[in-house]
Amino acid sequence: MTIAFTLIETAKLNNVDSQAWLTWVLAKIADHKITRLDELLPWRYAAQAA
């Protein structure tokens, strides 16, 4: 539960819709390389969505 709260609050602090971001991450994470997890962070999502 703490991890989920932290993810949601991190998204909010970066002015990112947490639900949209989590949906986007869950759709991508299965095929994403572990060495490139930084690409799934909220501020990266915000840059792509803009």
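Residues numbered from 1 in each chain as written. Predicted model: local features only at pLDDT ≥ 70, side-chain atom pairs only at ≥ 80, totals over all residues. Heavy atoms only, no water.

A. View of the side chain of Ser 18. The residue Ser 18 is located in helix α2 (residues 18-28) in this model. Setting aside chain neighbours within four positions, we find Ser 18 in contact with Ile 8 and Ala 11. (Helix = DSSP H or I, 4+ residues; strand = E, 2+ residues; numbered from the N terminus. Contact = heavy atoms within 4.5 Å.)

B. Up close: the packing of helix α1 (residues 2-13) against α2. Where α1 contacts α2, the two axes come as close as 9 Å, and the packing angle between them is 120 degrees. With respect to their mutual orientation, α1 and α2 come out oblique. Between α1 and α2 lies a crossing whose hand is right-handed. Counted together, Leu 7, Ile 8 and Ala 11 of α1 and Ser 18, Trp 21 and Leu 22 of α2 form the full contact between these two elements. Here the residues of the contact of α1 with α2 sort into five nonpolar, one polar and no charged. (Axes fitted to C-alpha atoms, helices over the stretch in contact; angles between N-to-C directions. Parallel < 35°, antiparallel > 145°, perpendicular 65-115°, else oblique. Left-handed = near helix turned anticlockwise from the far one by under 90°. Nonpolar A, V, L, I, M, F, W, Y, C, P; charged D, E, K, R; others polar.)

C. Quick look at the UniProt feature "domain: Transposase IS66 C-terminal" (unreviewed entry) in the protein. When the UniProt feature table is mapped onto this chain numbering, "domain: Transposase IS66 C-terminal" (unreviewed entry) sits at residues 6-43. For residues 6-43, helix accounts for 55% and strand for 0%, while the C-alpha atoms at its two ends are 15 Å apart. (UniProt positions renumbered as here; feature names shortened; annotations may be inferred.)

D. Representation of the environment of Ile 3 within the structure. Checked against the element boundaries, Ile 3 lands in helix α1. Assessed through its relative accessible area of 65%, Ile 3 is described here as exposed. As a C-alpha pair, Ile 3 and Leu 40 span 37 residues in sequence and 15 Å in three-dimensional space. (Buried < 20%, exposed > 50% of the residue type's maximum accessible area, 1.4 Å probe, protein only.)

E. Structural context of unusual backbone geometry. Positive phi values are uncommon outside glycine, yet Asn 15 reaches one of about 55 degrees. Of note, Asn 15 is situated in the loop between α1 and α2.

F. Main features of α2. Looking only at α2, the buried set comprises Ser 18, Trp 21, Trp 24 and Val 25. Considered in projection along α2, the buried side chains sweep an arc of 130 degrees and stay on one side of the axis. In α2, those exposed residues whose orientation departs by more than 90 degrees from the buried face are Gln 19, Thr 23, Leu 26 and Ala 27. If you follow the buried residues of α2, they end up packed against α1 and α3 (42-49). (Arc of directions from axis to C-beta.)

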